[in-house]
Structures are given as C-alpha cells and as structure tokens.
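# Residue-level structural notes
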Amino acid sequence: MIYFDNSATTAIHPLVLDTYVQTSRRILGNPSSLHHLGSQATRLLNQSRQQIADLLGVSSEEIYFTSGGTEGNNWVIKGTALEKKGFGKHLIISSIEHAAVYKAAYQLESLGFEVSVAPVDSQGFIDVEALSQLIRPDTILVSTMVVNNEVGSIQPIKEIGELLKAYPTIHYHVDAVQALGKLPISSWLVDRVDFATFSSHKFHGPKGTGFIFWRKGRKIQPLLNGGGQESGQRSGTENVPGVVATARATRLQLEEVAEKIARQSQIQAYLIDALSQYERVVLFSKASANYAPHIICFGIKGIKGEVLVHALEEKEVIISTTSACSSRSHQEGGTLKAMGVPTELGTSAVRASLNSQTTMAEAEQFMITFNHVYQKFQQLFID
Ligand SMILES: Cc1ncc(COP(=O)(O)O)c(C=O)c1O
C-alpha cells in the first residue's frame, strides 16, 4: 500500500508507540496523587513539557497539553473571548481556516461576538493588507493558520506579526498543526505569536494528544474546569502516556529536520512535475518555497475528487479529497473556494500528502498507478 494521506493523519512511529506502551504499563499513578506514584507521573509530565519547550525554544511554563488540534484551536479562540469580552468582541480569522477555527469563532457569534474574515489571493495566501483593514479598536483576536491543510500554502505569519506589533492588546493565534517539521520553526514561531496549536497525530505521535504554546503574560480562560490540572488552566486527569509519547514524537520529528524537508521537497517537485505532464491535470499546489513540502493538491478536470480517490484506493494507493474533515460532505474544499477556484474544478481536487519517510520509489509507484487510472478515465473525457 502507498499511504499518501499524511495530512489527515500519520502512522505512529514505532519508537513512539513503544514509549506509549511502556509508559502505560509502568506508570500507574495519577499525577495529582500525593503518594510516590503520583510524583513519578508528575515528574514524567514535567520532563516531557521541558523537552517540548526546549525543542521549540520556549519556556516550559508556555506549554499546555491538550487532546489535539481541535481542542487547542477551540481553547485559544473561546478562551480569548471569555477573557477579553469586557474589552472587545471582534475576532478576525482568514477564509482558509480549518473548521476547528472557523466553527469555534462562528459559535461565538450567538454570544454577541463578531467575526471578520480576511481573504486570500488566488494562490491561497492571506492578503495582509486586507487583514489590516479589518482591525478595529474592539478586535481581541487574530487567528491564522501557518500551513494550509488543503493546498499547502505557507501563510505570511512574520508579516502579520509585524502588523500586529502596532496592536499589542490583540491576541495572535496560529494553527501550526500542519507546520511542525515542515518549515523551520523560526519562520513562524515569531515573537508576536501569542498562541500556537499542535497535534501529535500529524507527526507520528498518538491520536488524541497535542499541546499549545501559550506565551507568558497572555491570558485566556480555561474551557475545562475541574481538578485544576495544567496549572489550573485545563482540568482533567492528564494523558501521561500520550504526553510522554508526544514529547518523543516531537523530538523525532525535529531530528535532522532540514534533511527531511529537503527530501520531501524533492519528492514533491518530482510528483508535481510528473502530474503536470497530463493534459487534464490541474495543480493547486506548487513546488516552491511558499508551499509546504508535504502537500500536493491537484485534480483531473471532469473527474470528481472522490472518484479519483476510490479509483486509486482500488489499487492500494491512499490519498484524500482536499481535507479529511470535508471529504464526507462531497463538497469542494473551503480553501479552493476561497481562492476563487470554480466549483466545477474545485470538486475535482484531491490531496496527496507525504511524510518524512516517504521514498522516491513510492512516488514513482504512485505515478505508475496514477497513469493507469488516468488512462482508464480517458474513455470518459468528452470535449
Ligand atoms: C490545520 C489543521 N488544524 C486543526 C486540525 C485538527 O487537529 P486534530 O485532528 O488534532 O483535532 C487539523 C486536522 O486535520 C488541521 O489540518
């Protein structure tokens, strides 16, 4: 099987799985318990927090564990709204955000908040000038993703950060779920970013785990109240094996990261070039420094994305329609729509997504299978 759906989820790394299993087996205590088993679990949590902080170049008090990207995004957006509602009720997101951002923001509208949406250009990049026009005296949050999960466009985080330096009271949140290990951290975890969201299963960690970076000095309200875990900010007994495994996955993901990025870029360039040779193929991603190295969004004109996904699946090649979350709705991805891609073309889009272990041999096999499927579709092409 060729698995090119790594933006939806990745296989857990064998060493990470080992850490998860060993921790589950050996660490019995609840970190909140007073006895030595509790202290042992707490020590592991703190070590994991420190490891992740060191890898990101931040302080350990700035890392909070969550259940993944969806929780992280909901927490920062709603937690900001609860914290700052006395100062303002206006939020800005972009038109290509993941549902965990835009649905969280829109839910707040029923509570009297207003959401403005910054547009993207035809290539999937946020229009910073247009975003700047949306800022108001009552704006409390700007939330933008780092790497778009459908087409892979890398957003101008540094530029938005620079813009927001003139508005120090606005929280700046970035959804970094597709970014860790795909771009140098320094290019997006810039000093004006207040919060960043991460999800372990996107980088070979366990599903249902993740963390947020929360810059010291910023304030949000907790959404999960109870026993006061995570310094009182996120209650619930900690997922100790998930946290320890997440720390290991983060370390592995960031090991030799420059080489991994270079390798994926090379494979991506090969695939984009090979696909572009087909007359009816339309590419929505590019092999350039402005696009993440692991995502290739494309379509065959006149063939619905889901039809291509299933045709490849029959030959044991796994890709997806543009995002796992929208794939069941049979709709075009929100990003393509925001880019102004006509619906007819947008509904043909599929996404192939790589990981750091993907080989050129797999990419070549992918193209052989794709060619086979394409030739079969030739019979359907009528124009
Ligand atoms: C950009 C982005 N944000 C958030 C999420 C949600 O993350 P999780 O699956 O950990 O809830 C995803 C998952 O596809 C994503 O791609």
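Before reading on, note that the structure itself is shown above.
A brief structural summary. (Residues numbered from 1 in each chain as written. Predicted model: local features only at pLDDT ≥ 70, side-chain atom pairs only at ≥ 80, totals over all residues. Heavy atoms only, no water.)

## Quick word on the overall build of the chain
Selection criterion: Secondary structure elements follow DSSP: runs of H or I no shorter than four residues count as helices, runs of E no shorter than two count as strands, and numbering proceeds from the N terminus. The globule rule used for comparison is 2.2 Å times the number of residues to the exponent 0.38, while the radius of gyration itself is calculated over C-alpha atoms. Whether two residues touch is decided by their heavy atoms; if any such pair falls within 4.5 Å, the residues are in contact. What sets the accessible areas is the Shrake-Rupley method with a 1.4 Å probe; for residues, cover comes only from the shown protein chains. Charge convention: Lys and Arg are scored as positive, Asp and Glu as negative, and His as well as the terminal groups of each chain are ignored. Working definition for charges: the position is that of NZ of Lys, CZ of Arg, CG of Asp or CD of Glu.
Across its full length, the chain holds 12 helices and 13 strands. Against the 2.2 N^0.38 benchmark of 21 Å for 383 residues, the chain shows a C-alpha radius of gyration of 21 Å, consistent with a compact globule. The dimensions of the chain, computed from C-alpha atoms along their principal axes, are 70 × 50 × 35 Å. For the chain, long-range pairs separated by at least 24 residues make up 72% of all intrachain contacts whose partners lie at least 6 apart in sequence. When the accessible area of the chain is evaluated, it comes to approximately 16400 Å², of which 52% is carbon and sulfur surface. Taking the 34 positively charged and 36 negatively charged side chains of the chain as two groups, their mean positions are separated by 6 Å.

## Points about the packing of helix H2 (residues 36-56) against helix H7 (residues 240-254)
Formally: The convention used is that axes are lines fitted to C-alpha atoms, helices contributing only their stretch in contact, and that angles between N-to-C directions extend from 0 to 180 degrees. Oblique is the label for every angle not falling under 35 degrees (roughly parallel), over 145 degrees (roughly antiparallel), or within 65 to 115 degrees (roughly perpendicular). When the near helix sits turned anticlockwise from the far one by under a right angle, the crossing is termed left-handed; a clockwise turn instead gives a right-handed crossing. Here the nonpolar group is Ala, Val, Leu, Ile, Met, Phe, Trp, Tyr, Cys and Pro; Asp, Glu, Lys and Arg are the charged ones; every other residue, Gly included, is treated as polar.
The interhelical angle for the contact between H2 and H7, taken along N-to-C directions, is 25°, at an axis separation of 9 Å. Classed by the angle they form, the pair H2 and H7 counts as roughly parallel. Here the hand of the crossing between H2 and H7 comes out left-handed. Of H7, the residues touching H2 (which contributes Ala41, Leu44, Leu45, Ser48, Gln51, Ile52 and Leu55) are Val240, Val243, Val244, Thr246, Ala247, Thr250, Arg251 and Leu254. Counted by class, the contact of H2 with H7 contains 10 nonpolar, 4 polar and 1 charged residues.

## Considering the nonpolar core
How we decide: What is meant by a nonpolar core is a set of buried Ala, Val, Leu, Ile, Met, Phe, Trp, Tyr and Cys residues, joined one to another through side-chain atoms within 4.5 Å. Only protein chains enter the calculation, and the probe is 1.4 Å; a residue is then buried if its accessible area is under 20% of its type maximum, exposed if over 50%, and partly exposed in between. What counts as a domain boundary in this text is fixed by an automatic or database domain assignment.
Ranked by internal contacts, the top residues of the largest apolar core, which has 63 residues, are Leu56, Val146, Trp188, Leu189 and Phe198. Looking at this core, the element that brings in the most residues is H7, giving 8 residues. No fewer than three residues from each of domain 1 (2-9 + 257-376) and domain 2 (14-254) sit in this core. Dropping the residues within four chain positions of it, tryptophan 188 is found in contact with Val146, Ile157, Ala176, Ala179, Leu180, Leu183, Val193 and Phe198. Listed in part, the 30 residues of the second largest apolar core include Ile272, Ile296, Leu308 and Val350.

Keep in mind these numbers describe shape, not what the thing actually does.
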